[in-house]
Amino acid sequence: MTIRRSSRLFEWLAIVAVSVVMCAVLGDDQGHADEPLVQKLLISFTFTASIWEGNRMLFGVMRRRWPRPDQTVRRLAEQIPVQIVFTIVTSLLLKTVLGVLLPECRTDAADMLKQALFNLMPTAVVTLFYESRYFFVEWKANLTRVESLARTAAQSQLDALRQQLDPHFLFNSLNTLAALIDDDEPAQAQRYLSQLADVYRYVLLAKDRDTVPLHEELAFVDAYIALNKVRFRENLLVENTIPASSHQRRVAPLSVQTLVENALKHNVISREHPLALRLEAAGPDTIRVANPVRPKALLAPGTRVGLANLVRRYALLTTTPVEVSAEGGEFQVSLPLL
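Cut-offs applied
Residues numbered from 1 in each chain as written. Predicted model: local features only at pLDDT ≥ 70, side-chain atom pairs only at ≥ 80, totals over all residues. Heavy atoms only, no water. Buried < 20%, exposed > 50% of the residue type's maximum accessible area, 1.4 Å probe, protein only. Helix = DSSP H or I, 4+ residues; strand = E, 2+ residues; numbered from the N terminus. Pairing = 2+ DSSP bridges. Contact = heavy atoms within 4.5 Å. Salt bridge = Lys/Arg side-chain N within 4 Å of Asp/Glu carboxyl O. Phe/Tyr/Trp six-rings, centres within 6.5 Å; stacked < 30°, edge-to-face > 60°. Axes fitted to C-alpha atoms, helices over the stretch in contact; angles between N-to-C directions. Parallel < 35°, antiparallel > 145°, perpendicular 65-115°, else oblique. Left-handed = near helix turned anticlockwise from the far one by under 90°. Nonpolar A, V, L, I, M, F, W, Y, C, P; charged D, E, K, R; others polar.

Caption draft 1: Spotlight on the pairing of strand 7 (residues 330–336). Taken across its seven residues, strand 7 has six buried, putting it largely inside the fold. In terms of strand pairing, strand 5 (residues 286–292) meets strand 7 through seven bridges, oriented antiparallel. When the bridges of strand 7 are listed, Ala-290 appears paired with Gln-332. Relative to strand 7, strand 6 (residues 323–327) is paired through five bridges, and the arrangement is antiparallel. Its bridge partner being in strand 7, Ser-325 is matched across the sheet by Gln-332.

Caption draft 2: Quick look at the side chain of Ser-334. Mapping Ser-334 onto the fold places it in strand 7. Under the relative-accessibility criterion, Ser-334 is labelled buried at 9%. With near-sequence residues (within four places) excluded, Ser-334 lies in contact with Ala-282, Thr-286, Ile-287, Arg-288, Pro-321, Val-322 and Glu-323.

Caption draft 3: Summary view of the pattern of salt bridges. Summed over all chains, the structure comprises seven salt bridges. Where Arg-288 meets Glu-280, a salt bridge forms, and the shortest distance between an N and an O atom there is 2.9 Å. For Arg-288, a relative accessible area of 22% puts it in the partly exposed group. Among the ionic contacts, a cluster of salt bridges with common partners joins Arg-278, Glu-280, Arg-288 and Glu-330.

Caption draft 4: Here's a closer look at the packing of aromatic side chains. Tallied over the full model, the rule gives one aromatic pair. With 4.3 Å between their ring centres and 15 degrees between their planes, Tyr-202 and Phe-220 make a pair best called stacked. Separated by 18 residues along the polypeptide, Tyr-202 in helix 7 (residues 186–205) and Phe-220 in helix 8 (residues 214–232) bring together distant segments of the chain. Residues Tyr-202 and Phe-220 agree in their burial class; the two are buried.

Caption draft 5: The sheet that holds strand 7, seen in detail. One open sheet holds the five strands; their spatial order is 2-4-5-7-6, and the pairing between them is mixed. The sheet is open, and its two borders are formed by strand 2 (236–240) and strand 6, each paired with just one other strand. Averaged over all pairs of adjacent strands, the angle between strand axes in this sheet comes to 15 degrees, irrespective of strand direction. Examined bridge by bridge, strand 2 and strand 4 (residues 275–283) share five bridges and lie parallel to one another. By the bridge assignment for strand 4, Asn-240 is matched with Leu-279. Packed onto the sheet, helix 10 (residues 306–317) meets strand 6 and strand 7 and runs at close to 25 degrees relative to strand 7.

Caption draft 6: Focus on the pairing of strand 6. Within strand 6, only zero of the five residues are buried, leaving the element largely exposed. Connecting strand 6 to the antiparallel partner strand 7 that follows it, the hairpin turn spans two residues, and Gly-328 within it adopts a positive phi of roughly 65 degrees.

Caption draft 7: Fine view of the packing of helix 2 (residues 37–65) against helix 3 (residues 72–101). Interhelical geometry of helix 2 versus helix 3 gives an angle of 150 degrees and a closest axis separation of 10 Å. As summarised for this structure, helix 2 and helix 3 are arranged roughly antiparallel, according to the angle between their axes. Considering the relative orientation of helix 2 and helix 3, their crossing is right-handed. Note on element contacts: helix 3 touches helix 2 through Arg-75, Glu-78, Gln-79, Val-82, Gln-83, Phe-86, Thr-87, Thr-90, Ser-91, Leu-94, Lys-95 and Leu-98, opposite Ile-43, Thr-46, Phe-47, Ser-50, Ile-51, Gly-54, Asn-55, Leu-58, Phe-59, Met-62, Arg-63 and Arg-65. In terms of residue class, the contact of helix 2 with helix 3 is made up of ten nonpolar, nine polar and five charged.

Caption draft 8: Looking closely at the environment of Ser-325. Relative to the elements of secondary structure, Ser-325 occurs in strand 6. Not counting residues within four places of it along the chain, the set of residues in contact with Ser-325 comprises Glu-330, Phe-331 and Gln-332.

Next comes the structure, spelled out in structure tokens:
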């Protein structure tokens, strides 16, 4: 609130400064030579404040319509013509009202139009002031978002590496591999080892990327699920109905895998209660991971930051939020496609 008040105070000081400059530049064109200086200043202030404040409100409307920095050219292409029309019309109206209130200030149509065109100068000052400030504010905000995204992504990658290299995960994976070798199934053991390598390779390759194509993430998830299906067999059921038309869209790396891993970690998986995972489209710009909720009776304590971290990462990538639902005995998380 204090910052906003300081900003508005600075704006009004700028309006006063521009009013004084306009009064000095216009001189006798502002009115008659015998007008008191105070009256000239008040008239100049009225014109400047009206044009300034009107354009300021116009900026707000246009920025809500075209808010992103990459839409600046499009915004200005619409904004500047409207500003010109607004300034000329406002100047003519104010000059007309001034002529009615102060007959000595009446001028002919040519002079009125001349002053209206001259008043485009404060409009240019206003535009330069607000666009420069908006540019630097957005530039600073983008730097903050990039830094926050880098920190969050680094934490996510660290969490993923910790989870993938968790002794229990590695122990189970190596035990499964050993069992395949002992059962004299070299082909299946080789395939399992290849999928295990794919999982770790993807984690390492994705560590420097903010987003990845959905088809790469799904290929990684397939390898991750295949490892777990060797262990859980028919007790783990996965249905992937995400359409191919969405595969070129992008997601945060390790995002879908995090949701699959959470489902495996927190739910009972047995012959009596198989875990049915669904990967599906939740709209043209959203995918969803869903599973029934059957909490494990004894659950090892975790960091509980995986999903929260994922939500924060997406908040830095898009204005569309991650939607989490736990209703009707089913846990669902919807991820926006980028």
